[in-house]
Amino acid sequence: EIKNPLAGIIGAAQLLSMNLSSKDQELPDLIVNARRRIVALLEQVEQFGNIRSPERKGVNIHDLLDRARKSAAVGFAAHMKIVEEYDPSLPPTWVDGDQMLQVFLNLIKNAAEASDGAGGTIKLRTFYDMSIRLRRKGGSAFMPLNVEIFDDGPGLPEEISDEAFEH
């Protein structure tokens, strides 16, 4: 029932994109990508929450953050300024791109909601923390990739901030 209207939305987006310049193709592309994600989520719901195993492959983490930023900028974070501070030297990251995109969207949405519609800035930052090295089985070491998504909202109320992450 839900997939049928989505097909109509995609058809309309494709018709619109025929008359657009390559510069304006971004919004129809966002619609097509969002539809693909919705269909994948619906398939998971159809299986009563039987969430699939991650399908990991090497992806550019900045491409995922950029897709999340673009979706947020035309939707729930339209009132926010989104700033990127990326480490351009990061190699492809071994993740499930769809699942990671959902994580980024959720975090950006949380940051946008923290502003209570008053505007503000959301910062997206990637980097390696050179001070941390993790060891794998077999002895090889690696530096963990860090992705930060933060806002300049008021933060947690003082009365709950000490206990917010206890459970």
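None of these values were measured; they are calculated from a predicted model.

Undergrad: I'd like a rundown of the overall build of the chain, residues and numbers included.
TA: Broken down by element type, the chain carries five helices and seven strands. Overall, the chain shows an N-to-C arrangement of helices and strands of α-α-β-α-β-β-α-β-β-β-β-α. By residue count, 25% of the 167 residues in the chain fall in the buried class. Considering only intrachain contacts with a sequence separation of at least 6, the fraction spanning at least 24 residues in the chain is 73%. Carbon and sulfur atoms make up 54% of the accessible area of the chain, which totals about 11500 Å².

Undergrad: Can you tell me about the packing of helix α3 (residues 61-73) against helix α4 (residues 97-113), naming the residues and giving the values?
TA: For the pair α3 and α4, interaxial distance at closest approach is 9 Å and the crossing angle is 45°. The orientation of α3 with respect to α4, classified from their angle, is oblique. α4 is crossed by α3, and the crossing has right-handed handedness. On α4, the residues that touch Ile61, Leu64, Leu65, Arg67, Ala68, Arg69, Ser71 and Ala72 of α3 are Gly97, Met100, Leu101, Phe104, Leu105 and Ile108. For the contact of α3 with α4, the per-class residue count stands at ten nonpolar, two polar and two charged.

Rules behind the numbers
Residues numbered from 1 in each chain as written. Predicted model: local features only at pLDDT ≥ 70, side-chain atom pairs only at ≥ 80, totals over all residues. Heavy atoms only, no water. Helix = DSSP H or I, 4+ residues; strand = E, 2+ residues; numbered from the N terminus. Buried < 20%, exposed > 50% of the residue type's maximum accessible area, 1.4 Å probe, protein only. Contact = heavy atoms within 4.5 Å. Areas by Shrake-Rupley, 256 points an atom, 1.4 Å probe, with all protein chains shown as cover. Axes fitted to C-alpha atoms, helices over the stretch in contact; angles between N-to-C directions. Parallel < 35°, antiparallel > 145°, perpendicular 65-115°, else oblique. Left-handed = near helix turned anticlockwise from the far one by under 90°. Nonpolar A, V, L, I, M, F, W, Y, C, P; charged D, E, K, R; others polar.

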